[in-house]
Amino acid sequence: MLDFSSLDRYIPKFLEGLKVTIGLSIATVILATVLGFIIYFMKASKSGIGKFRPISAFAVVFIELMRGTPLLLQILLVFSGGKMLLGIDISAFQSAVIAITLNASAFIAEIVRAGIEAVDKGQMEAARSLGMSRSLAMRLVIMPQAIKNILPAIGNEFVNIIKASSMASVIGVGELTLAAKIVQGATYLALEPLIISAVFYLILTFSLGRLMSWIERRFKSSDIR
Amino acid sequence: MIYVKDLYKNFGKTPVLSGINQHFKKGEVTVIIGPSGSGKSTLLRCLNLLEAPTSGSIIFDGQNITDKKADINKIRQRMGMVFQQFNLFPHNNVINNIMLAPVHVKRMPQQDIYKRGLELLSRVGLSSKEKDYPASLSGGQKQRIAIARALAMDPEVMLFDEPTSALDPEMVGEVLDVIKNLIKEGMTMVIVTHEMGFAREVGDRILFMDRGTILEEGTPEEVFSNPKHQRTIEFLSKVL
């Protein structure tokens, strides 16, 4: 049967892992959100010569690459590629942040696009008919409405980021999953350490879920539809 | 005030406007009628370049606005537009809907535009709705707010794109009354509408459009009582 009694003294190990997971997730969520918006605006960019729009094309290729290849592989590629191809020494933690950020930003860019496209076309027309430039209309009229469409989906993506951070264990980032593996090795217990990590992940994702729905409610209360 | 010269517009390969030539004079109310799909709304939307013409030019107050160098945002500030679907900003309350463009585009002082906003609200008969959100208003109220929002920019011409077509019948009157009051004040207008009684009553000039061209134009008397073209006669017999 399951025996958690001998795991007391490994609790600090788990907490250490939890701290790394939280740090990794927060850094990734922030960077991926910023990059996701940038990628969206690049994809929506109309600048170019004739029909060829290089900025937009770059963003499209980036999104396809990131969504079309496994995250695990991307983490390994950044970790080894950073050293071998670019000759820069990046830590395992930094590699994980970079890889998960790149990956998540592609998904966030698509979430942002869907949220913006869901705003009625008449809104942009009304704003433009009043003399607003495209960017002013975007800022004053479209974005405040798009945010409400974006929030629920982006909350999901944040939860995904927390869970995806477990893959950083393969390159030796000492986060929750690696902590579980280390405790497994030290105690010869197969299941119990994994279950404890799982509970920690659940606590993280559940709290984030509550936080996101609280934010959603705040945004909704500002306009009664 | 607005000259339209050899205006053509295609959506993809489909021609929507085929050679429109018009002069919309200052202080004049022009009403465009015609069957759906005839290009009425497209013509109106070309006037403030919400649709980019395929060819031809539009001269507003001596300036060719179809020219690439024309500052379209500046020009649009001088042309108010009212849409069939109102297009109020749902995340802003009524007064902020009215104030948004004057504050951020014209950079007028908050105090002045707020006073002007209240004045416009009382003009469209909705003084008590200042703090309400669009979602809590009826269709007729929304459209009156949309008119106030356009007027807040002090436009020289107002473009109405089927302003009553999305309204319940009992609300059409209140919106038309607001438009009539504006006409009394001498506002230049181009109105696309299916309200024939209204067109006849307020129009200085009626344009009948069919398949992307203006088939017939003249005073309400001429177009409604003595239509010359077979298509106009058919259309009027169906709608009157």
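For every chain, the first residue of the written sequence is number 1, and numbering continues from 1 onward in sequence order. Chain letters and ligand numbers both follow the written order, the letters beginning at A and the numbers at 1. pLDDT decides what is reported in this predicted model: residues at 70 or higher carry local features, side-chain atom pairs at 80 or more are listed and counted, and totals for whole chains, interfaces and linings draw on all residues regardless. Water and hydrogen atoms play no part in the side-chain values, which are based on all heavy atoms of the structure.

Going by what an unreviewed UniProt entry lists, chain B is known as Amino acid ABC transporter ATP-binding protein and is assigned to Paenibacillus agri. UniProt positions are given in the numbering used here, feature names are shortened, and annotations may be inferred rather than shown by experiment. Under the UniProt heading Subcellular location (unreviewed entry), the note attached to chain B is "Cell membrane". Chain B has a UniProt comment under Sequence similarities (unreviewed entry) that states "Belongs to the ABC transporter superfamily."

Secondary structure is summarised from DSSP: a helix means a run of H or I of at least four residues, a strand means a run of E of at least two, and numbering begins at the N terminus for each. Across its full length, chain A carries eight helices and zero strands. Listed by position from the N terminus, the elements making up chain A come as α-α-α-α-α-α-α-α. Counting only C-alpha atoms, chain A reaches 70 × 50 × 25 Å along its principal axes. Only protein chains enter the accessibility calculation, which uses a 1.4 Å probe; a residue whose area is less than 20% of its type maximum is buried, one above 50% is exposed, and one in between is partly exposed. For chain A, buried positions account for 46% of its 225 residues. Once local pairs closer than 6 in sequence are excluded, the contacts in chain A between residues at least 24 apart make up 73%. Accessible area of chain A: about 11,900 Å², with a carbon and sulfur share of 70%. Separation between the mean location of the 22 positive side-chain charges and that of the 14 negative ones in chain A comes to 9 Å. Whether two residues are in contact is decided by their heavy atoms: any pair within 4.5 Å suffices. Accessible surface area values rest on a Shrake-Rupley calculation with a 1.4 Å probe, where residue burial reflects the displayed protein chains alone. Lys and Arg are tallied as positive, Asp and Glu as negative. Neither His nor the chain termini are counted. A charge is said to be at NZ when it belongs to Lys, at CZ for Arg, at CG for Asp and at CD for Glu.

Residue and element names in this part refer to chain B. Between helix α3 (residues 94–106) and helix α5 (residues 139–151), the least distance of the axes is 8 Å, while the angle of their chain directions is 30°. As far as their axial angle goes, α5 and α3 are roughly parallel. The two elements α3 and α5 meet at a crossing, and its hand is right-handed. Each of Val94, Asn97 and Ile98 in α3 lies in contact with α5, whose residues at this interface are Ile145, Ala148 and Arg149. Classes in brief: Ala, Val, Leu, Ile, Met, Phe, Trp, Tyr, Cys and Pro nonpolar; Asp, Glu, Lys and Arg charged; the others, Gly included, polar. A breakdown of the residues in the contact of α3 with α5 according to their chemical character gives four nonpolar, one polar and one charged. Lines fitted to the C-alpha atoms define the axes, with helices restricted to the stretch that makes contact. Angles between their N-to-C directions range from 0 to 180 degrees. Should an angle lie under 35 degrees it is considered roughly parallel, over 145 roughly antiparallel, and from 65 to 115 roughly perpendicular; all remaining angles are considered oblique. Each crossing is labelled by how the near helix is turned from the far one, with a counterclockwise turn of less than a right angle marking it left-handed and a clockwise turn marking it right-handed.

Okay, the sheet that holds strand β3 (residues 29–33) of chain B next. Residue and element names in this part refer to chain B. As summarised here, the arrangement of the six strands in space is β6-β7-β8-β3-β9-β10, forming an open sheet in which the pairing is mixed. Two strands in the sheet have a free side with no partner beyond their single neighbour: β6 (79–82) and β10 (213–218). Going across the sheet, the axis of each strand differs from the next one's by a mean of 15°, ignoring polarity. Paired strands are those between which DSSP finds at least two bridges. Two elements, β3 and strand β9 (residues 205–210), share four bridges in a ladder whose sense is parallel.

Here we take up the interface of chain B and chain A. Listed per partner, the contact involves 24 residues of chain B and 22 residues of chain A. When two parts are put together, the accessible area they lose, computed with a 1.4 Å probe and summed over both, is reported as buried area. A combined buried area of about 1,900 Å² lies between chain B and chain A, and 62% of that area is made up of carbon and sulfur atoms. For the chain B face of the interface with chain A, the top three residues by lost area are B:Phe89, B:Pro90 and B:His91, together amounting to 26%. Any Lys or Arg side-chain nitrogen found within 4 Å of a carboxyl oxygen on Asp or Glu counts as a salt bridge. Taken together, the connections running from chain B to chain A amount to one salt bridge. The shortest N-O distance in the salt bridge between A:Glu125 and B:Arg45 comes to 2.6 Å. Polar contacts, as used here, are pairs of N or O atoms within 3.5 Å; protein pairs need one atom able to donate a hydrogen and one able to accept it. Residues neighboring in sequence count only if both atoms are side-chain atoms. Across the contact surface, chain B and chain A share five residue pairs in polar contact (both at pLDDT 80 or more). For the side of chain B that touches chain A, the elements supplying multiple residues, two or more each, are α2 (72–76), β6, α3 and α5 of chain B. Per element, the largest residue contribution to the side of chain B that touches chain A is four residues, and it comes from α3(B). Taken together, the residues of the side of chain B that touches chain A break down into 15 nonpolar, six polar and three charged.

Right, let's get into the pairing of strand β7 (residues 157–161) of chain B. Residue and element names in this part refer to chain B. With five of five residues buried, β7 is to be regarded as a mostly interior element. Here β7 shows no split at all, with Val157, Leu159 and Asp161 on one side and Met158 and Phe160 on the other all buried. Pairing analysis gives four bridges linking β6 to β7, with the strands arranged parallel. Counterpart to Val82 in the pairing with β7 is Phe160. Pairing between β7 and strand β8 (residues 188–192): five bridges, direction parallel. Following the sheet pairing, Asp161 is matched in β8 by Val192.

The feature "domain: ABC transporter" (unreviewed entry), as given by UniProt, occupies residues 2–236 of chain B in the numbering adopted here. Its end C-alpha atoms 28 Å apart, residues 2–236 of chain B is made of 38% helix and 26% strand.

Another point: the packing of aromatic side chains. The geometry of an aromatic ring pair is captured by the separation of the ring centres together with the interplanar angle, meaning the angle of the planes. Centres within 6.5 Å are what make two rings of Phe, Tyr or Trp a pair, Trp counting through its six-membered ring; a difference in plane orientation under 30 degrees is then read as stacked, over 60 as edge-to-face, and the rest as tilted. This model, assessed by the stated rule, comprises three aromatic pairs over all chains. Measuring from centroid to centroid gives 5.0 Å for A:Tyr40 and A:Phe41, while their planes differ by 65°, and the two rings are edge-to-face. Among the residues examined, A:Phe41 registers a relative accessible area of 38% and is labelled partly exposed. Between the aromatic rings of B:Phe208 and B:Phe235, the centroid separation amounts to 5.3 Å while the plane-to-plane angle is 45°, which identifies the pairing as tilted. With B:Phe208 in strand β9 and B:Phe235 in helix α9 (residues 230–239), this pair connects stretches of sequence that are 27 residues apart.

Moving on to the sheet that holds strand β4 (residues 55–60) of chain B. One open sheet accounts for four strands, arranged β2-β1-β4-β5 (chain B); its pairing is antiparallel. Two strands lie at the open edges of the sheet, namely β2 (14–24) and β5 (63–64) of chain B, each paired on one side alone.

So, on to the side chain of B:Arg205. As for its position among the elements, B:Arg205 is in strand β9. With near-sequence residues (within four places) excluded, B:Arg205 lies in contact with B:Gln22, B:His23, B:Phe24, B:Glu28, B:Val29, B:Thr30, B:Val31, B:Glu217 and B:Gly218.

Residues and elements named next belong to chain B. Looking at where Glu216 falls in the secondary structure, it is placed in strand β10. At 4.7 Å, Lys228 is the nearest oppositely charged side chain to Glu216, a buried residue that forms no salt bridge. There is a polar contact of 2.7 Å between the side chain of Glu216 and the backbone nitrogen of Lys228. One polar contact links Glu216 to Thr232, side chain to side chain, over a distance of 2.8 Å. Setting aside residues no more than four positions away along its own chain, Glu216 makes contact with Ile206, Leu207, Phe208, Asn226, Pro227, Lys228, His229 and Thr232.

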